[in-house]
There are 2 protein chains.
Amino acid sequence: MSNPNAVDADLVIHASWIIPATEDNLVHRDACLAVADGKILGICSSHAADGHFRAGKTLHLDGQVLIPGLINTHGHAAMTLFRGIADDLPLQTWLEQHIWPLEAQFVSEDFVYQGTQLAIAEMIRSGTTCFADMYFFPEASARAATEAGMRVQLAAPVIDFPNPWSANADEGIFKTTQLHDAWRNSELVSTAFGPHAPYSVADGPLKRIAVLAEELDLPIHMHVHETALEVAQAVRDLGQRPIKRLYDLGLLSPRLICVHATQLNEQDIELLKESGAHVAHCPESNLKLASGFCPVDTLLTRGINVCLGTDGAASNNDLDMFSEMRSAALLAKAVSGDASALPAYRALRMATLDGARALGLDRMTGSLEPGKCADIVAVRLDELNTVPVHNPVSQLVYSTQASQVSHVWVNGKQLLNDGELTSINRRNLLEIARHWQDTLGTRYDTAKQ
Amino acid sequence: MSNPNAVDADLVIHASWIIPATEDNLVHRDACLAVADGKILGICSSHAADGHFRAGKTLHLDGQVLIPGLINTHGHAAMTLFRGIADDLPLQTWLEQHIWPLEAQFVSEDFVYQGTQLAIAEMIRSGTTCFADMYFFPEASARAATEAGMRVQLAAPVIDFPNPWSANADEGIFKTTQLHDAWRNSELVSTAFGPHAPYSVADGPLKRIAVLAEELDLPIHMHVHETALEVAQAVRDLGQRPIKRLYDLGLLSPRLICVHATQLNEQDIELLKESGAHVAHCPESNLKLASGFCPVDTLLTRGINVCLGTDGAASNNDLDMFSEMRSAALLAKAVSGDASALPAYRALRMATLDGARALGLDRMTGSLEPGKCADIVAVRLDELNTVPVHNPVSQLVYSTQASQVSHVWVNGKQLLNDGELTSINRRNLLEIARHWQDTLGTRYDTAKQ
């Protein structure tokens, strides 16, 4: 006996808590969320559901919490195939003696397609519904993402020197515009320029990117101030810090996502604030490579938008945004010396809405609000490590394991059902991983002798 | 057709990898481990199993790795019931306005028994087989541990001021000796003195503890140099740093486990080294309470034994030693500025053998070696977040979620079977957690008004 004023919904999900990740730090208790045509219709208390919605299908998730899908704003998905292959090494040794030679030998369109499939499966399983990716052969990543039903922003790499995907920066830029053309009508795939880093792209291509990004209305995604060495070398060779150089070149704007930003002085912070650029914080990668500490609390206090990324699995070594949220929330306190820095709700927003803002996708995703795409994650809190539930936001950020993610929807399409992938064959993927384990293991060991 | 020289084993476990966590950084591939009478008989390659062992029962764990049970060297188990109740607050506000009033109102023998049961269940589920615990009513914790088949070292609290368990330090000391007497023949329970911290125990009781610990052959477990404030106040009020005071009082010795140690100068480190005291590193708690950074790499370089603890769930907020290993390994690199600091195998040893050393239990547990108790954990590595397995130790430390723990044995008795607790009723525990969620939630909210 539904209310005549009720609206048709394809799906109504009831949960013990719904946390929309909006600015007001709201938590709904015993509430439901309705989905129609892949969009969020609305949220209301469970007992008022029939008055609001005529449900095609109803789901009851007792002891669970609904949150927006997590947004991983920086990574190199295909590098999942290198997970754990060269750990506990200084950054330059890691890159020059291990990662770059491996990439030169093994990275192909197939490698990227299969590695990205594995990464997407890991991300869906752990509650991520959108990821920004900077890697070679982005057209293969686009294919893997759309086949899996996953949302992705491809930061197509632009690098001055020859790499598996392009001979130089010009080719990288040209191929980025091609990629953008090919996917401009996709509901799931968006494109960004991915100039690799200030030290690997010259002024000429950077200026072209600034102009083209404006013309095509695209974000720019770049490693910036990852290490002290990078900044010191720039000062030595070019007479200025990289962020100042990007400012002078016209790249610093709300289009720019500065990844890492572990080395920031007052002038850098002022330029970031003035320009409206975003910072993609990758705490676990920065720790693992001993790159330094991003001053997250200072950036937030100054009103700079900070989002979260795992970086590639070769330097993390997983794509687990729950772990990354926890690391970010814990580390911000220690780095600022203030235990009240980056509280739990803010950390959750950093992993969702603030990520969508950085990617320019916040009208589409990042929070549970009417009209946005139904990018939704359900998490079981009735586990031994998350009871009692005095505060569900606190449990999500400080105690939840990614394996507690039960259901995932992207654009209203279900990609995870009670922990099982619905759009990807898990067994095939484990076989693919085994193939690359054998291939890389054998050939790489031989190469080292 | 077994070999006539083969030895009888109750259980032979075959796994894809066995990592004994010994000094030689050994990894066995496709190997088996035999157990008899609750002890480890030996390890050999799987294809040679029949020549070595006549197995009563055989288990094949393909895609899994065997490691020693993890040893959580510092916590307050019953505080699990306070998980998430007061987060993102400065240490003094957290303690004085939330934790201490809650403890005064709610902590009883029942609270400790039930809270410790919940903590033990969480620990078994996440691969911990031995924990050191400092909390009121340790006799209740001993009961919870023995009923569950869990190994525990009870650091019975000694505090000058009245608390739920004792009126003063003298009573705490007396009750500790009683506890020791009551459990001295237990296979699972050992006792330690738990003087709370230098600022909460006067010279007199500390001197008595030093003498009694020697006579009774017991460890001493103490919060030491947790915050800069603690050290500054000691210098202001007593004219010396706490570690120097402990040294003068005769407490600094291989019996002493210094918990936290985030504030160490060269003199402190020299005294720790000279005395052979241990450091229990609690990275996530130190980050969350913004206490500071323990200089782990420096301590290891100087030959000081460093072990790992989660601290209580009220300041972590879980008892997950996999997460703690990862945090320790990542943080040590960033704090030392050296990406090769605390490599994965060393982090695993810190969470196992080095913990056993600190607790004085290394002849009994901490590594997979013949003659030690069969405290064993099996972990599935064939999950989306841990393939490919280029390096199983790296996967365990940097990528594994605690939920991948499949089997746990303590003293040869199985406590976890394919993810299911065998000695504890999970459903009962979730009801207990719900009871305390309602009780604390309601009454605490009222108290705050």
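About the thresholds
Residues numbered from 1 in each chain as written. Chains lettered and ligands numbered in written order. Predicted model: local features only at pLDDT ≥ 70, side-chain atom pairs only at ≥ 80, totals over all residues. Heavy atoms only, no water. Contact = heavy atoms within 4.5 Å. Buried area = accessible area lost by both parts, 1.4 Å probe. Salt bridge = Lys/Arg side-chain N within 4 Å of Asp/Glu carboxyl O. Domains from an automatic or database assignment. Buried < 20%, exposed > 50% of the residue type's maximum accessible area, 1.4 Å probe, protein only. Helix = DSSP H or I, 4+ residues; strand = E, 2+ residues; numbered from the N terminus. Pairing = 2+ DSSP bridges.

Draft legend 1. Main features of the interface of chain B and chain A. With 65 residues of chain B in contact, the opposing surface of chain A contributes 65 residues. Between chain B and chain A, the buried area comes to about 4,900 Å², and carbon and sulfur atoms account for 59% of it. Area buried by chain B at its contact with chain A is led by D88, L384 and H390 of chain B, which between them contribute 16% of it. Applying the counting criterion to the chain B and chain A interface returns four salt bridges.

Draft legend 2. Expanded view of the domain arrangement of chain A. All names here are of chain A. Looking at the assigned domains, one finds that chain A contains domain 1 (7–67 + 374–418) and domain 2 (70–359). For domain 1 and domain 2, the distance between their C-alpha centres works out to 29 Å. Each partner contributes to the interface: domain 1 provides 28 residues, whereas domain 2 provides 29 residues. Counting the surface lost from both domain 1 and domain 2, the interface buries some 2,400 Å², and carbon and sulfur atoms represent 62% of this. Considering only the side of domain 1, the residues that lose the most area to domain 2 are A21, V397 and Y398, jointly responsible for 26% of the buried surface there. Our count for the domain 1 to domain 2 interface comes out at three salt bridges. Of the charged contacts, one joins E23 and R357 as a salt bridge, the two residues approaching to 2.6 Å between their closest N and O atoms.

Draft legend 3. The arrangement of the pairing of strand β14 (residues 405–410) of chain A in detail. Residues and elements named next belong to chain A. Judged by how many residues are buried, β14 sits mostly within the fold: six of six residues are covered. Bridge count for strand β13 (residues 376–380) against β14 is four bridges, and the pairing is antiparallel. For A378, the partnering residue across the bridge sits in β14 and is H407. Judged from the three bridges that link them, β14 and strand β15 (residues 413–417) form a sheet pairing that is antiparallel. The residue bridging V410 from the neighbouring strand is K413, located in β15. Between β14 and the antiparallel strand that follows it, β15, lie two residues; N411 among them carries a positive phi value of about 55°.

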